[in-house]
Structure formats: structure tokens, C-alpha cells
Amino acid sequence: MKSPSNPAAHAPSQPESTPASAETEVALLREENQHLKDRVAWFERQLFGRKSEKRIIDAPDQINLLGEPTQTLPEPDDTVTVSSFQRGKAKKLRPDDCATDAGLRFSEDVPVEVIAVMPPELSGSDADQYEIIDTHITFKLAQQSASYVVLRYEMPVFKRKADQSVQTAALPDQVLERSIADVSLLAGLLVDKFQYHLPLYRQHQRMTQQGITVARSSLTNWVKRSIELLRPIVEAQCRHILLSRVLAMDETPIKAGRQHKGKLKQGWFWPLYGEDDEVVFTYSESRGRQHIENTLKSQFSGTLITDGHSAYARYAEKAQGVTHAQCWVHSRRYFVEAQERDPQAVEHALTQIGGLYQVERAIQEQNLTGDKTHQYRLQHSKPIVDGFFNWCLAQCQRHDLTPKHPLTRALNYVMARETQLRVFLTDPEVPLDTNHLEREIRTIPMGRKSWLFCWTELGAEHVGLIQSLISTCKLHNINPQTYLIDVLQRVSQHPASQVVELTPRIWKEKFAGDPLRCPLYQPNEVRNANR
């Protein structure tokens, strides 16, 4: 009788794991585990951490990359005697800034309501016993909720005696034909939504609380028609921006247009920042190179400064007369993300990049321009840049840096873009970063937190048009509401060949001194003269 065979005896033999393969597997698992920890730490920083990338330096002795270390001198021990009362120690207010004795400052555009205070002594039975010898004036700052005014136009109907023909006075020209919206309301809707990020449905609720009954769709229609009137101005501003020798470009996402029920398409704003402090937000449904080519076309030739998006590099390779520069702040950001894993190496990198900004600060303080800026950068910035990339090359030889290490990612990013990061050393007009454009992009995510998305692609395009004008107004210290009230009335009468004069930059020089007002803001004598 045969004994039952052992199945294990007939099973194929398994290769035994060697110590080397086990150590490799453990190392891979540790690397993957650390990579997952880095991702969790990144999400925690996004939710709970500081959004600012400013460095907090506690060392008393700061290393000056431009020269010898600077020593922090101790403050002298001054003995200050504080008495119970000191006369004349309050901050003096300048008389030329409309300051009152109570510290209130306001410009001439602020309406002032006069309230007469009548004491009972001057209105009683013995009022004739008193005599007013002066008036004491006190200012108080008050606030009204957003108010709406109905303008009642009284147009006389008159008859000519000779032929008994009857005529009616013509209504002044309106921005939107057969619309009940005054130009002040149109400008207010645009400013409230796109500068202060107040959605139209909230503005509609405010109107309802003030006793105004109007369809919410009317507000949307008024905004759409008003922005369409401003389209030629933005197009003229874009043409002027493309004439810049140094142009900054970036992109930021926006949800626009329905993809299917419950799902919106992903769109992109592509802002352009010209050398005359003008901004234009263009819209595209993609983030590819094609939109860059369609926007810049053959009109732009100069230096294009961007972030590390590969579409810009592919465009610059094929474009004639375009030099591609990249932003140092985006490069710095990768090192900040690796600070927890390798703080000593990251601190060295951030210190070197910070040295470049010390040089730029010195250039601004000395008011250097042109060739002087170029020579100063070659003398002070170039050694820092050379030392930085030599250090990066040495760090790449480290055996403890794995491919998934955050510092490896930062090093690969800057080493692959060394040529573009060095462009500012050859052109004094090229800035170190695109921070000036990043500040203007903030208005888009701020709006997304309030009005969330654009229902159509055309709506997203309209957002870009009006944000172009409002952002440029703020760059040139122009009140956007004053500008829009003037331009909405002027655009239909202005020659199309001179529409560039209505861009905020030129409008400030030609029309800001005497802008067109709406009837509500005109003086009483002007209103009566128009009646």
C-alpha cells in the first residue's frame, strides 16, 4: 500500500530572497512611505499652514551676500522721562489733506450733508436776548446702506404758435437704448461684482431690500451689454501691450460652460502684463501652446517672462525674435516645499536667491536704470547666480537624494531652466519674477470664491474684458467707477480710429480732469440747465 504523496514535494521550488534584494525592497518601501508623508504634509500646509513664503530669520547676524557680514548693533539705552501730561506731543495733521481737528480726512468727492443744530435758547420766548456770533463746526463720519435713486426726467411738451405743432423735449442720450438702467447703475453693477466680488444675486437682494422690484435676469443682461460696449477698448489695450519689449504672461483656471449635467468645463485665463502697467485677461478653453500663438501672433517680439509651464518654452523655441525668461519666485517655491526634508540645504538655496533680491533692492534705492542696472547686476548678481548653479550641480551628485525627494525635484527644475533664469543678467529691463502679474491674478480666485464659476464661455470672456479695465485702473490710481461712468457714455461718440484714447492709461491724461458724470452726480445748476 502506497503512502499518500506529499504535495509539497512536487511543488516547484521558490527562489530564496537574498539579503541584497530584501534591503532594496525595504529601501523602496521607505522611499514610497516618505513620499506619501510628504504629500500628506503638503495637503496639511494647504489647509492649515501659512500661505506666505516669507522667511522668518531669527539669527542676529545676517550674512550679506554683497560683502562682509553685517553686525546688528545694539540699540542705545535712552532714558525717556514720561510725565503725567505733555503738551503738544500729538501727531500734527497736515492742512493740505482735508484733515479736521478730529482726525477725519476726506476728499472733495465725498458728499457732505449739513445738519443745523438749533439750541432751545435761540427758539424760545427769550430768543431775542441772544445773538449768534460764530458757528462751531464738527465733522462726524456716517454711513448709509447701498442706496438706489430713481431719476425722474421731466421733459416739457411745447407747442409752436405759428403752426400749432407740438414737440416734446428729447431725452438725453442713454448708454443702453430703451433701458431703465442709468449709467451710474451699470457702472455700479460692474464695480460691485468685479472689483468687490459681490455676485449679481446678492446685488439683486440688496435692491429688493431697498424697495426696488426688477428681474434678476435684467441685471445679467445689463452687465453683458455694458461689457460688450467696452470690448473695443480692451482690444486696443491688448494691441498696445503686445508692443512691449518685455511681456509677462501667466495662466489661472476658471470653470466656464457646461460640459454635461452637473459638470462644468475647465477654462483658463491668460493675463498679459505690459511694460506700461497695463493688464489684459484673455480666455481660452485649453492650457496649450495654441492659445499663446493666437494671442501673441507675430505682433510681439522681445522678452517673454513666465513660469515653468512647458507651453511657453515650446512657443519660444519656434517664435522669431522672442527671448524666453523665467521667474525666480517659481523656482524658489520648489525649494520651500523641500524645506522640511532637508532644511540645511534649502536654507542655503533660499539665502542665495534672497541675495538676488538684495541686489534688486539696492538698484531701486540707488535709482539705477539702463546700462547702470546692467553693470550692477553683472558685478553683484552674476556671482550669486554662478555660485547657486554650481551648488545645485554639486547637490545633484549626492547619493542620499532619491528621485522622489522634494529637493531632487527642486534641483531638476532649476537646472533644466538655467538659461531662462539667467536672462535678467543680459537685459536690465527684465525683472527677476512675475510677481507684478501674480498680484493682478489674485482678483480671479477672489471672484471664484464669490461667484464661483461662469455659466458660459462667453461669460468667462466678459469677465476677462472687464477685469482688464478694472485692474489697469487700479494700477494707474484711477477710480474704476468714475472711469466706467465716463467711458460708457463716451464710447459711442468717440472715433473708432482713436479708441486707444479710452484705455485707462491715456484716459487719465486726456479726460480724467473733467470726466463725464451721470445726472445724479451733476451739480444742481447743471441739472436745472439741462431741464
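Residues numbered from 1 in each chain as written. Predicted model: local features only at pLDDT ≥ 70, side-chain atom pairs only at ≥ 80, totals over all residues. Heavy atoms only, no water.

Let us look at unusual backbone geometry. Backbone geometry places Q164, a non-glycine residue, at a positive phi of 60 degrees. Note on placement: Q164 falls in the loop between β1 (157–159) and β2 (166–168). Exposure remark for Q164: the relative accessible area of 45% places this residue in the partly exposed category. Despite not being glycine, N367 shows a phi value in the positive range, around 55 degrees. Assignment of secondary structure puts N367 in the loop between α9 (343–365) and α10 (370–395). (Helix = DSSP H or I, 4+ residues; strand = E, 2+ residues; numbered from the N terminus. Buried < 20%, exposed > 50% of the residue type's maximum accessible area, 1.4 Å probe, protein only.)

With respect to the element layout, G321 can be found in the loop between α7 (310–318) and β8 (322–326). When its relative accessible area of 53% is taken as the criterion, G321 is described as exposed. Residues G321 and S301, spaced 20 residues apart in sequence, show a C-alpha to C-alpha distance of 5.1 Å. For G321, the contacting residues outside a window of four places in its chain are S301 and G302. (Contact = heavy atoms within 4.5 Å.)

Attention now moves to the pairing of strand β7 (residues 302–306). The element β7 is extensively covered by neighbouring structure, given that five of its five residues are classed as buried. Examined bridge by bridge, strand β3 (residues 246–249) and β7 share three bridges and lie parallel to one another. Residue pairing across strands places V246 opposite T303, the latter belonging to β7. Note that β7 and β8 share five bridges and pair parallel. Within the sheet, the bridge partner assigned to G302 lies in β8 and is V322. (Pairing = 2+ DSSP bridges.)

Let's shift gears to helix α15 (residues 457–475). Here α15 is 19 residues long and its end C-alpha atoms lie 27 Å apart, about the 27 Å a rise of 1.5 Å per residue gives. Remark: N477 follows α15 within two positions and exhibits a positive phi of approximately 55 degrees. (Expected span 1.5 Å × (residues − 1).)

In the contact formed by helix α5 (residues 216–241) and helix α16 (residues 480–490), the axes pass within 10 Å of each other and the chain directions differ by 85 degrees. On the basis of the axis angle, α5 is roughly perpendicular to α16. From α5, S226, L229, L230 and I233 reach across to α16, where they touch Y483, L484, V487 and L488. The residue makeup of the contact of α5 with α16, split by class, is seven nonpolar, one polar and no charged. (Axes fitted to C-alpha atoms, helices over the stretch in contact; angles between N-to-C directions. Parallel < 35°, antiparallel > 145°, perpendicular 65-115°, else oblique. Nonpolar A, V, L, I, M, F, W, Y, C, P; charged D, E, K, R; others polar.)

This paragraph deals with the pairing of strand β6 (residues 279–284). Across the six residues that make up β6, a large majority, six, are buried. Covered by surrounding structure in β6 are V279, F281 and Y283 together with V280, T282 and S284, the residues of both alternating faces. As judged from the six bridges shared by strand β5 (residues 263–273) and β6, these two strands associate in the antiparallel manner. Looking across to β6, one finds that F269 is bridged to Y283. The hairpin formed by β5 and β6 contains five residues between the paired strands, and D277 there has a positive phi angle of roughly 55 degrees.

Counted under the stated rule, the structure contains 14 aromatic pairs. For the pair F106 and F139, a centre-to-centre distance of 5.6 Å together with 50 degrees between the ring planes defines the contact as tilted. Of this pair, F106 sits in the loop between α2 (19–48) and β1 while F139 is found in the loop between α2 and β1, placing the two residues 33 residues apart along the sequence. By relative accessible area, F139 is classed as partly exposed at 33%. Centroid distance F269 to F281: 6.5 Å. Interplanar angle 85 degrees. Geometry classified as edge-to-face. (Phe/Tyr/Trp six-rings, centres within 6.5 Å; stacked < 30°, edge-to-face > 60°.)

Within the secondary structure, D342 is located in the loop between α8 (328–337) and α9. What makes D342 buried here is its relative accessible area of 13%. A distance of 2.9 Å separates a polar atom in the side chain of D342 from a polar atom in the side chain of R398. (Polar contact = N/O pair within 3.5 Å; in protein donor to acceptor, adjacent residues only side chain to side chain.)

Before going further, it helps to spend a moment on α8. Looking only at α8, the buried set comprises W328, V329, H330, S331, R332 and F335. Of the surrounding elements, those touching the buried residues of α8 are β8, α9, α10, α11 (406–416), α12 (418–421) and α13 (435–441).

Our focus in this paragraph is the pattern of salt bridges. Between side chains of opposite charge, pairing is possible as soon as their charged atoms come close. Here the structure, examined in full by the defined rule, presents 17 salt bridges. Put simply, R422 and D386 hold a salt bridge, and the shortest N to O gap is 2.8 Å. Taken together, the residues R422 in the loop between α12 and α13 and D386 in helix α10 connect sequence positions 36 residues apart. Overall, the relative accessible area of 25% leaves D386 in the partly exposed class. Several salt bridges share partner residues, and in doing so they unite K382, D386, E418 and R422 into one network. (Salt bridge = Lys/Arg side-chain N within 4 Å of Asp/Glu carboxyl O.)

Among the structural elements, L189 can be located in helix α3 (residues 183–194). Counting along the chain gives 292 residues from L189 to Q481, while the straight-line C-alpha distance between them is 9.7 Å. What L189 contacts, discounting residues up to four positions off in sequence, is L200, Q203, M207, L219, W222 and V223.

This paragraph deals with a negative patch on the surface. Side chains of E275, D276, D277 and E429 sit close together on the surface and give a patch of like negative charge. Along the chain, D277 falls in the loop between β5 and β6. (Patch = residues over 30% accessible without salt bridge, like charges linked within 9 Å, V, L, I, M, F, W, Y side chains within 5 Å. Areas by Shrake-Rupley, 256 points an atom, 1.4 Å probe, with all protein chains shown as cover. Lys, Arg positive; Asp, Glu negative; His and termini not counted. Charge placed at Lys NZ, Arg CZ, Asp CG, Glu CD.)

Let's shift gears to the nonpolar core. The biggest cluster of nonpolar side chains holds 108 residues, and the ones touching the most others in it are W328 and F335. Beyond its immediate chain neighbours, meaning those up to four positions away, W328 contacts I353, L356, Y357, V385, F388, F389, L421, F424, L432 and D433. (Core = buried A, V, L, I, M, F, W, Y, C linked by side-chain atoms within 4.5 Å.)

Chain-level pLDDT for the chain is 84 on average; 83% of the residues reach the 70-or-more range. Counting contacts from residues 59–63, a segment whose pLDDT is below 50, to residues more than four positions away or on other chains yields seven contacts. A low-confidence stretch, residues 525–531 stays under pLDDT 50, and its non-local contacts, those more than four residues away or across chains, total six contacts. (pLDDT = per-residue confidence, 0-100.)

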